[in-house]
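# Chains, contacts and geometry: an overview
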Amino acid sequence: MALVWQPQEAAYLQLCQLLSEYQKPGANQALVLQQLDQAKHVADFSNYLSFIFSKGDNLPMEVRQSAGLLLKNNLKEQYAGLSEDFRNYIKGDLLHVLSHPERVLRHTAGSITTTVVGTLGLTGWPELVVWLGASLQGASDPAALDGALDSLAKIVEDHPHEVKHLKGRYIVVLRT
């Protein structure tokens, strides 16, 4: 059984401070970006961003969204090089945020999801396909429905070959 990743508090607080500082008017954004760029070289940097984005309930929404957008950009460059444990951690966080009560977080999660799908394909993330199917049926949770529709729209727009490639393999999941 894989260990569950947990952030180190000092590194978590430092990254939250950088993301918060970047939002402030008059901040030296070039310096903050330089520090964030240096942090990218830490092996679990994407996990920290994912943690802040998905579990930072006491953080300002702008900090969480910034963490999500930075995560998306970082995954474009580094997803293939992440360990399987780190990938699974991030994918689990994304599935959680796709049904978050805050629309801005759901839609940011949808953008990150399509980035991951671009690397893995839908067949490489069967949990997402199952989640999409369940959420599209579960009209009792409007946030999950909105997150599913937003994600699916982005996947279809960015990776139409992925949906076409499935050719009915998961259609049963989406219909049941």
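Quantities reported herein were computed from a predicted structural model and do not represent experimental measurements.

### Thoughts on the packing of helix 1 (residues 9–23) against helix 3 (residues 45–55)
- Across the interface, helix 1 lies against helix 3 with an axial gap of 11 Å and an inter-helix angle of 70°. Taken together, the axes of helix 1 and helix 3 lie roughly perpendicular to each other. The crossing of helix 1 and helix 3 is right-handed. Contacts between helix 1 and helix 3 pair A11, Y12, L15, C16 and L19 from the former with F45, Y48, L49, F51 and I52 from the latter.
- Partitioning the contact of helix 1 with helix 3 into residue classes produces ten nonpolar, no polar and no charged.

### Points about the nonpolar core
- Core analysis: the largest hydrophobic core is formed by 43 residues, its most contacted members being L15, L19, I52, F53, L75, L94 and L128.
- Going through the elements one at a time, helix 1, helix 2 (29–39), helix 3, helix 4 (61–78), helix 5 (84–97), helix 6 (103–120), helix 7 (126–137) and helix 8 (142–158) are the ones with two or more residues in this core.
- In this view, L19 contacts L36, I52, V63, S66, A67 and L70; residues no more than four positions away in its chain are not counted.

### Quick notes on helix 6
- End to end, helix 6 covers 25 Å across 18 residues, agreeing with the expected 26 Å (1.5 Å per residue, within 8%).
- For helix 6, the buried fraction is high: 13 of the 18 residues fall into the buried class.
- Following helix 6 by one or two positions, G121 has its phi on the positive side, about 80°.

### A closer look at the packing of helix 3 against helix 5
- Helix 5 packs onto helix 3 with a crossing angle of 15° between their chain directions and a minimal axis gap of 10 Å. By the angle between their axes, helix 3 is roughly parallel relative to helix 5. You can see that helix 3 and helix 5 cross each other, and the crossing is left-handed. Two secondary-structure elements touch here, helix 3 through S46, N47, S50, F51, F53, S54 and K55 and helix 5 through F86, Y89, I90, D93, L94, H96 and V97.
- The residue inventory of the contact of helix 3 with helix 5, partitioned by class, reads seven nonpolar, five polar and two charged.

### As for the confidence of the model for the protein
- Predicted confidence across the protein gives a mean pLDDT of 89, with 90% of residues reaching 70 or more.
- The least confident element of the protein is helix 10 (residues 171–175), whose mean pLDDT is 44; the most confident is helix 3, at 97.
- In the model, residues 170–176 has pLDDT below 50 throughout and makes 14 contacts with residues more than four positions away in sequence or in other chains.

### Examining helix 2
- Every buried residue belonging to helix 2 is among V32, L36 and A39, and all of these are buried. Angular distribution of buried residues about the axis of helix 2 spans 50°; they occupy a single face of the element. Away from its buried face, by an angle of more than 90 degrees, helix 2 presents the exposed residues A30 and Q38.
- Contacts made by the buried residues of helix 2 are with helix 1, helix 3 and helix 4.

Here is what the cut-offs are and how they apply
- Residues numbered from 1 in each chain as written.
- Predicted model: local features only at pLDDT ≥ 70, side-chain atom pairs only at ≥ 80, totals over all residues.
- Heavy atoms only, no water.
- Axes fitted to C-alpha atoms, helices over the stretch in contact; angles between N-to-C directions.
- Helix = DSSP H or I, 4+ residues; strand = E, 2+ residues; numbered from the N terminus.
- Parallel < 35°, antiparallel > 145°, perpendicular 65-115°, else oblique.
- Left-handed = near helix turned anticlockwise from the far one by under 90°.
- Contact = heavy atoms within 4.5 Å.
- Nonpolar A, V, L, I, M, F, W, Y, C, P; charged D, E, K, R; others polar.
- Core = buried A, V, L, I, M, F, W, Y, C linked by side-chain atoms within 4.5 Å.
- Buried < 20%, exposed > 50% of the residue type's maximum accessible area, 1.4 Å probe, protein only.
- Expected span 1.5 Å × (residues − 1).
- pLDDT = per-residue confidence, 0-100.
- Arc of directions from axis to C-beta.

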